[in-house]
Amino acid sequence: MVHMCGRYATTTNPASLAVELDAIDETDDTGTPNYNVAPTNQVVTVVERHDREHPEEAARLRVRMMRWGLIPPWTKAAEPGVPAKGKPLFNARADKAATTASFRDAVKKRRCLVPMDGWYEWVTDVNEQGKAVKRPFFMSRADGERLYMAGLWSVWRDREVRDSEPLLSCTILTTDAVGDLTEIHDRMPLPMPRAHWDAWLDPDHPAPAELLETPAPQDIADIIARPVPMLVNSVKNNGPELLGRVDEQAGQTSLL
């Protein structure tokens, strides 16, 4: 089975999100929608941190841009200020992250939310000519509201360069797919309900272990899957047309 959640769509504007969540906008991003987010892209995240100048004050929600694909702090530099390439850590298994070297430190104190409109997965079909064809599906909330996925993040600095600029990176946690979503893929990103944000983002305490567990089917019942155009198969394509309705009579058949 191929990696899951390797592509998603987000129309989230960082400044608007910060206002909506009463968070501090630490980005200088203009909020251009990205309908084909891929690993190594800069993505919007939400964290909760104390102010460096006033660490005694209560932690605040902060909106930050991070590289999608976590870079462990111990990663060596390939050249000054540039981390060496390693495994593409854009996903982390929720059930193993706490004991995996690349993620266990982040599980303890660097957890985040990754907002998205929805994510893509592919189902391999056989066309009339007998050839395998990958059909893309888009998973999103039926009401069109934003999803917030559980993530982990890291800070990397080139230890050989004085006053090296920090590079923030993140990964999206995944879990077993449940309910109807199992017909698309056996894995899915781990949604983080609003009621659990305080515990999940708390920078001063570990997250309760149950927050890393696979959600019950009723907890993701509002997430639906629908076929989308084959345009999304190429990361070069990017625009609202990627989420367009597919004429199922023209060859794509919905599983759900």
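Attention here is on the structure that accompanies the text. Because the structure is predicted, anything quoted here is derived from the model rather than measured. (Residues numbered from 1 in each chain as written. Predicted model: local features only at pLDDT ≥ 70, side-chain atom pairs only at ≥ 80, totals over all residues. Heavy atoms only, no water.)

**Some details on the overall build of the protein chain**
When helices and strands are counted, the protein chain shows three helices and 15 strands. If one aligns the C-alpha atoms of the protein chain with their principal axes, the spans along those axes are about 60 × 40 × 35 Å. The 256 residues of the protein chain split such that 48% are buried. Roughly 13700 Å² of accessible area belongs to the protein chain as shown, and the carbon and sulfur atoms make up 49% of that amount. (Helix = DSSP H or I, 4+ residues; strand = E, 2+ residues; numbered from the N terminus. Buried < 20%, exposed > 50% of the residue type's maximum accessible area, 1.4 Å probe, protein only. Areas by Shrake-Rupley, 256 points an atom, 1.4 Å probe, with all protein chains shown as cover.)

**Considerations on the sheet that holds strand β11 (residues 132-141)**
What holds strands together in a sheet is hydrogen bonding between their backbones, with the strands either parallel or antiparallel. Pairing is antiparallel in the open sheet, where five strands are placed in the order β3-β1-β10-β11-β15. Here the strands that pair on one side only, and so sit at the sheet edges, are β3 (34-37) and β15 (223-227). Strand-to-strand, the axes of this sheet are offset by a mean angle of 30°, without reference to chain direction. Looking at chain direction, strand β1 (residues 8-10) and β3 are connected through two bridges and run antiparallel. Residue pairing across strands places Y8 opposite V37, the latter belonging to β3. (Pairing = 2+ DSSP bridges. Axes fitted to C-alpha atoms, helices over the stretch in contact; angles between N-to-C directions.)

**Some details on unusual backbone geometry**
Even without being glycine, D22 reaches a positive phi, approximately 55°. Within the fold, D22 resides in the loop between α1 (14-21) and β2 (24-25).

**Regarding the side chain of R226**
Relative to the helices and strands, R226 resides in strand β15. For R226, a relative accessible area of 15% corresponds to the buried category. Each residue touching R226, except ones within four places of it in the same chain, is listed here: P136, F137, F138, L243, G244 and R245. (Contact = heavy atoms within 4.5 Å.)

**Structural notes on the environment of L173**
Mapping L173 onto the fold places it in strand β13 (residues 167-176). Residue L173 is classed as buried on the basis of its relative accessible area, which comes to 0%. Each C-alpha atom of the pair L173 and P80 lies 30 Å from the other, and the pair is 93 residues apart in sequence. The residues touching L173, leaving out its near neighbours within four places in the chain, are A92, R93, A94, A97, A150, G151, L152, M188, P189, L190, W200 and L212.

**So, the pairing of strand β5 (residues 60-68)**
β5 sits mainly inside the fold: seven of its nine residues count as buried. Two strands pair when backbone bridges link them, and β5 and β13 are joined in this way by two bridges, in the parallel orientation. Looking at β13, one finds that R67 is bridged to S169.

**Details of the packing of aromatic side chains**
Throughout the structure, instances matching the rule amount to five aromatic pairs. Considering the side-chain rings of Y120 and W122, the 6.3 Å spacing of their centres and the 40° angle between planes classify their relative orientation as tilted. Given a relative accessible area of 0%, Y120 falls into the buried group. You can call W122 partly exposed: its relative accessible area is 23%. (Phe/Tyr/Trp six-rings, centres within 6.5 Å; stacked < 30°, edge-to-face > 60°.)

**Here we look at the pattern of salt bridges**
A side chain of one charge can pair with a side chain of the opposite charge when the charged atoms of the two come close. Per the counting criterion, the structure on display carries 10 salt bridges. Between K109 and D105 there is a salt bridge; the shortest N-O distance is 3.8 Å. With a gap of four residues between them, K109 and D105 both fall in helix α2 (residues 104-109), about one helical turn apart. Classification of D105 as partly exposed rests on a relative accessible area of 34%. A salt bridge links D105 to R110, with the shortest nitrogen-to-oxygen separation between them at 3.5 Å. Beyond isolated ion pairs, a larger network of salt bridges with shared partners links E26, R62 and R64. (Salt bridge = Lys/Arg side-chain N within 4 Å of Asp/Glu carboxyl O.)

**Structural notes on the pairing of strand β4 (residues 42-49)**
With respect to burial, β4 is a largely interior element, seven of its eight residues being buried. In this sheet, β5 lies alongside β4 in antiparallel orientation, the contact comprising eight bridges. When the sheet's bridge partners are listed, R49 is paired in β5 with R60.

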